[in-house]
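Close look at the chain arrangement
Residues per chain, in single letters:
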Amino acid sequence: MKTLKYTYLFVAITTSLLFVQCNDDDNNIIINATCSDGLLNGDETGIDCGGTACLPCGQVLDFSGTYKQEDQVGRPGINTVFGTTGFKDAFNSTVPSEMQAAFQTKFLAKLIDPTTGLYPPFTTNALGLTAEEFTTVLSNDVLWVAKTGITTYFNGTEIFTGRALNDDVIDVSLLLIFGGPDGTENPTLTSDGVPTNDVAFSTSFPYLAGPF
Ligand SMILES: [Ca+2]
Ligand SMILES: [Ca+2]
């Protein structure tokens, strides 16, 4: 893996990716477009209810009360690796817009502290990111999604343009943490030894594959 390639990828990340945020979706749940068109269609048993696509007739979603965020995982493994001491619960319950301010310096300390930091010492990674830049990316624990092009966590060319079912996301994270400037350093630390699933995924929801 060449530094030049990752430098290009970093530029691509910073210039072309769109940051897709979830906001207030609870107020706009759509089970199916035909479930809110005011017509009795599909296999609805009442107007906009029943059948296989809509909520059962007579059932009303209850959005009263208070909801509390208890967990999140934008990028798998990040809260496990960086939030292990003292602030994991706080990390999981902080909304994305507040995460960088709250946790970037904590992540940085975890990454570079000479006594408690991750081994070996971090210089730059395969994306050309410094420790400060990398922990800024990681502390915003959301899954970036490119609205055009290939959806992948990393495919050798594109990176962080989404996540496909068979992406080895932990290995990507380990490579960026331990792989050094060209991704080839510390080869024993850049994989968890667990390959991607070798059983075909289902082509229909929930798209799961059997164990391998
Ligand atoms: Ca309808
Ligand atoms: Ca793996």
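Residues numbered from 1 in each chain as written. Chains lettered and ligands numbered in written order. Predicted model: local features only at pLDDT ≥ 70, side-chain atom pairs only at ≥ 80, totals over all residues.

As for the overall build of the protein chain
Selection criterion: In this text, helices come from DSSP runs of H or I with a minimum length of four residues, and strands from runs of E with a minimum of two, each type numbered from the N-terminal end. Each residue is classified by how many other C-beta atoms fall within 10 Å of its C-beta atom, where C-beta atoms are placed from the backbone; a count of 20 or more means buried, 12 or fewer means exposed, and values in between mean partly exposed. Here, residues touch in the contact sense if the C-beta positions derived from the backbone fall within 7 Å of one another.
Of the regular secondary structure elements, the protein chain holds six helices and zero strands. Counting across all 212 residues of the protein chain, residues that qualify as buried make up 18%. Sequence-distant contacts in the protein chain: of pairs separated by 6 or more residues, those separated by 24 or more amount to 45%.

Quick word on unusual backbone geometry
Following Phe205, the chain continues into Pro206 via a peptide bond in cis, with omega recorded as 5°. Tracing the sequence through the fold places Pro206 in the segment after α6 (169–178). In this structure, Asp48 is a non-glycine residue whose phi angle is positive, near 65°. Along the polypeptide, Asp48 turns up in the loop between α1 (3–16) and α2 (78–82). Here the phi dihedral of Tyr207 falls at roughly 65°; this positive angle occurs in a residue that is not glycine. Position of Tyr207 relative to the elements: it lies in the segment after α6. What makes Tyr207 exposed here is the crowd of 9 C-beta atoms within 10 Å.

Description of the environment of Asp43
Note that Asp43 resides in the loop between α1 and α2. For Asp43, the contacting residues outside a window of four places in its chain are Gly51 and Thr52.

Regarding the environment of Gly117
Inspection of the secondary structure puts Gly117 in the loop between α4 (99–112) and α5 (131–139). For Gly117, a count of 15 C-beta atoms within 10 Å translates into the label partly exposed. In this structure the C-alpha to C-alpha distance between Gly117 and Phe107, which are 10 residues apart in sequence, comes to 9.4 Å. When neighbours within four sequence positions are excluded, Gly117 is seen to be in contact with Lys110, Leu111 and Ile112.

Some points on the nonpolar core
Counted only if it meets this: Core membership is restricted to buried Ala, Val, Leu, Ile, Met, Phe, Trp, Tyr and Cys residues, and these are joined into a nonpolar core through C-beta atoms within 7 Å.
Membership of the largest hydrophobic core comes to 21 residues, with the highest contact counts inside it found for Phe107, Leu138, Val172 and Leu176. Looking at this core, the elements with two or more residues in it are α2, α4, α5 and α6. With five residues, α6 is the single largest residue contributor to this core. Other than its neighbours up to four places away in sequence, Phe107 contacts Phe82, Thr135, Leu138 and Ser139.

Some details on α6
Here α6 has its buried residues at Val172, Ser173, Leu175, Leu176, Ile177 and Phe178. As for α6, its buried residues are in contact with α2. Of the residues trailing α6, Gly180 is marked for its positive phi of about 70°.

Describing the packing of α4 against α5
Helix packing for two helices is described by the angle between their axes and how far apart those axes are. Let me state the cut-off plainly: Here an angle of 0 to 180 degrees is reported between the N-to-C directions of two axes, which are lines fitted to C-alpha atoms, with helices fitted over the stretch in contact. In these notes the angle categories are as follows: under 35 degrees is roughly parallel, over 145 is roughly antiparallel, 65 to 115 is roughly perpendicular, and the rest is oblique. Crossings are classed by handedness, with left-handed meaning an anticlockwise turn of the near helix from the far one by less than a right angle and right-handed meaning a clockwise turn. Charged residues are taken to be Asp, Glu, Lys and Arg, nonpolar residues to be Ala, Val, Leu, Ile, Met, Phe, Trp, Tyr, Cys and Pro, and polar residues to be all remaining types, Gly included.
α5 packs onto α4 with a crossing angle of 130° between their chain directions and a minimal axis gap of 8 Å. The orientation of α4 relative to α5 falls into the category oblique. In this structure, the crossing between α4 and α5 has a hand that is right-handed. The residues of α5 that touch α4, namely those facing Met99, Gln100, Phe103, Gln104, Phe107, Leu108, Leu111 and Ile112, are Ala131, Glu132, Thr135, Thr136, Leu138 and Ser139. Grouping the constituent residues of the contact of α4 with α5 by class yields eight nonpolar, five polar and one charged.

Brief notes about the confidence of the model for the protein chain
Put simply, the test is: What pLDDT conveys is the predictor's confidence in a given residue, as a value from 0 to 100.
With 84% of its residues at a pLDDT of at least 70, the protein chain reaches an overall mean of 81. Taken together, the stretch residues 1–28 has pLDDT below 50 and engages in 31 contacts with residues farther than four places along the chain or on a different chain.

Things to note about the environment of Tyr153
Within the fold, Tyr153 resides in the loop between α5 and α6. Note on Tyr153: 23 C-beta atoms within 10 Å, which makes it buried. Setting aside residues no more than four positions away along its own chain, Tyr153 makes contact with Phe160, Arg163, Asp167, Val169 and Val172.

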